[in-house]
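Here's the letter readout for the chains.
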Amino acid sequence: MTEPLHGSAEAYGPAAGSGPAPAPVVPLLSVPPTVAELGAWTRLLGAVYAADLPAVPAPSLVEVTGRLGVPSIRGRSVQWAIAGADGEIDGAAALLLFTDEGNTHGAYLDVLAVRPSARRRGLGRALWEAVRAELLAQGRTSVSSSVEPGTPAGQFATGLGFENVLPMGWHVQRVPAGPVEEPEVPAGYRLVSWSGETPDAWAEASAVAHGAMEDAPMGDLDERAPTWTGERVRSAQRLVVDRGGVILSVAALTDSGEMAAYTELVFADPADTRAMQYDTVVVPAHRGRGLGRLVKRRMLADAVAAYPELREIATTVADENAPMIAVNEALGYRRERDVALFQLKL
């Protein structure tokens, strides 16, 4: 799960009439982060979510520990934290510098957050300047981030020069109480499901199906879709587990063993009551047969049976992806809030 840019230019700058504030020192987070830092980072995000996104569950300590402590398969992370007088973290930033083929010019700003009680002191601007200096030092020419447009976060990002390149929405499904009826599978297909890494027998077929994501809407995002192999698929799934989470998969296979469709559900923390719907993909040759709805319906049944405390499933969908929005609405998803991928060219 990605964190939005939090706060606005006003909230992050010096108070009106106070004159220029001295730039705060922006130290790097320890590598690996200490137990105290992990707890303080979690409490920071908890305070930010409570103020800015009160309806959205904040990341747990398990999720924060995994994201800060276990490297991404896509690149190298750099993290900063500004400590307050009470020893808590008043501001933090996390940047992912892509190392995968075709994307070494870019990066993703995963976190830029300032504690609500510490805003209007220039911390956000100082964090951004530290991030920007790292981007330039590494020769990066673009950076993207997930941001809620029209909010203080969106205003702050726009003030820095970020542009909305892919409008999306967060869509949330309330999980029904009790068992979910198993879907009827059309002739010529069978459903399989698993937890964790894709079994060897289906790994290469899964890589081919993942490649069908290349036609997913990307807007003007300056980023190249990865080349999927069976090992890359398994590495991405293993990362979720290594970070303390759970990844569930459901796929529709043909009689010949082709993977016609699949969907993935992730618990960043097994104790979460809100899970994240990751990819749902139908291979082009098999579209128009209801397979997207089929695999998601089976996933819902599996998740409810395995995780009875599950209450919500959330996902992001590009506004231009009308077919997937229609599938989600048929399953009971409702738009929760606007979000977008914002991008800055350096």
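Above this text is the structure in question.
Fair warning: this is a prediction, and the values are worked out from it, not measured in the lab.

*Asks:* Would you mind going over the environment of Pro-59 with me for this structure?
*Replies:* Along the polypeptide, Pro-59 turns up in the loop between helix H2 (35-52) and helix H3 (61-69). Taking C-alpha positions, Pro-59 is 31 Å from Gly-102, a pair spaced 43 residues apart along the chain.

*Asks:* Would you mind showing me how to read the environment of Thr-280 here?
*Replies:* Tracing the backbone through its elements, the reader meets Thr-280 in strand E9 (residues 274-282). In this structure, the C-alpha to C-alpha distance between Thr-280 and Thr-263, residues 17 residues apart in sequence, is 4.2 Å. With near-sequence residues (within four places) excluded, Thr-280 lies in contact with Tyr-262, Thr-263, Gly-292, Val-295, Lys-296 and Met-324. Polar contacts involving the side chain of Thr-280 include one to the side chain of Gln-277, which spans 3.4 Å.

*Asks:* What am I meant to see in the packing of aromatic side chains here?
*Replies:* Remark: the centre distance and the inter-plane angle together describe each pair of aromatic rings, the angle taken between the planes. For the coordinates displayed, the defined rule picks out three aromatic pairs. Between Trp-128 and Phe-162, the aromatic rings sit 5.6 Å apart at their centres with planes inclined by 65°, giving edge-to-face as the arrangement. Remark: Phe-162 occurs in the loop between helix H5 (152-160) and strand E5 (163-174) and Trp-128 occurs in helix H4 (residues 123-137); sequence separation between them is 34 residues. When the centroid spacing of 5.4 Å and the interplanar angle of 45° are considered together, the rings of Trp-194 and Trp-202 count as tilted. Just above the ring of Phe-98 sits the side chain of Arg-74; from NZ or CZ to the centre is 4.1 Å. Above the ring of Trp-228, the side-chain terminus of Arg-232 is found at 5.4 Å from the ring centroid.

*Asks:* What is the right way to look at the nonpolar core in this model?
*Replies:* The tendency in soluble globular proteins is for nonpolar side chains to be buried side by side. Counting 30 residues, the largest nonpolar core has Leu-248, Leu-265, Phe-267, Leu-291, Leu-310 and Ile-313 as the members making the most contacts within it. Elements represented by at least two residues in this core include exactly strand E6 (189-195), strand E7 (246-254), strand E8 (259-267), E9, helix H8 (291-306), strand E10 (312-318) and helix H9 (322-330). For this core, the leading source of residues is H8, giving eight residues. For Phe-267, the contacting residues outside a window of four places in its chain are Gly-245, Val-246, Leu-248, Asp-272, Ala-275, Tyr-307 and Leu-310.

*Asks:* It is not clear to me how the pairing of E8 should be interpreted in this structure. Could you clarify?
*Replies:* Each regular strand displays side chains that alternate between the two surfaces of the sheet. Burial analysis of E8 places nine of its nine residues in the buried class, which makes it a mostly covered element. Sheet topology places E7 next to E8; eight bridges connect them, and they run antiparallel. Each residue of the ladder has a partner; that of Val-250, found in E8, is Thr-263. Turn length for the E7-E8 hairpin, with the two strands adjacent in sequence and antiparallel, is four residues, and the turn residue Gly-257 shows positive phi of about 95°. Two elements, E8 and E9, share five bridges in a ladder whose sense is antiparallel. Bridging from a neighbouring strand, Tyr-262 pairs with Val-281 of E9.

*Asks:* Is there a simple way to explain the layout of surface pockets in this structure?
*Replies:* Left-over empty space is what a probe sized like a water molecule reveals as it rolls over the atoms. There is about 240 Å³ of room inside the second largest pocket. What lines the second largest pocket is a set of 15 residues, and nearest its centre among them are Val-31, Pro-33, Leu-68, Ser-77 and Gln-79. Mapped by element, the contributors of at least two residues to the lining of the second largest pocket are H3 and strand E1 (75-83). Split by residue class, the lining of the second largest pocket holds nine nonpolar, five polar and one charged.

*Asks:* What's the story with the sheet that holds E5 in this structure? I'm lost.
*Replies:* Either a parallel or an antiparallel arrangement is found when strands of a sheet pair, and the pairing is made through backbone hydrogen bonds. The strand order E1-E2-E3-E4-E11-E5-E10-E9-E8-E7-E6 describes an open sheet built from 11 strands, whose pairing is mixed. Two strands bound the open sheet, and with one partner strand each, they are E1 and E6. Mean inter-strand twist for the sheet, computed between neighbouring axes without regard to direction, equals 20°. When E6 meets E7, the two strands line up antiparallel, connected through seven bridges. Counted as the bridge partner of Arg-190 is Leu-253 from E7. Sitting on the sheet, H2 is in contact with E1, strand E2 (89-98) and strand E3 (106-114), with an inclination near 100° to E2. Docked against the sheet, H9 engages E9, E10 and strand E11 (334-345), running at close to 160° with respect to E10.

So, how was this worked out
- Residues numbered from 1 in each chain as written.
- Predicted model: local features only at pLDDT ≥ 70, side-chain atom pairs only at ≥ 80, totals over all residues.
- Heavy atoms only, no water.
- Helix = DSSP H or I, 4+ residues; strand = E, 2+ residues; numbered from the N terminus.
- Contact = heavy atoms within 4.5 Å.
- Polar contact = N/O pair within 3.5 Å; in protein donor to acceptor, adjacent residues only side chain to side chain.
- Phe/Tyr/Trp six-rings, centres within 6.5 Å; stacked < 30°, edge-to-face > 60°.
- Lys NZ or Arg CZ within 6 Å of the ring centre and 35° of its normal.
- Core = buried A, V, L, I, M, F, W, Y, C linked by side-chain atoms within 4.5 Å.
- Buried < 20%, exposed > 50% of the residue type's maximum accessible area, 1.4 Å probe, protein only.
- Pairing = 2+ DSSP bridges.
- 1 Å grid on protein atoms, 1.4 Å probe; cavity = no way out; pocket = protein on both sides within 12 Å on 5 of 7 lines; lining within 4 Å.
- Points joined across faces, edges and corners; volume = space filled by probe spheres on them.
- Nonpolar A, V, L, I, M, F, W, Y, C, P; charged D, E, K, R; others polar.
- Axes fitted to C-alpha atoms, helices over the stretch in contact; angles between N-to-C directions.

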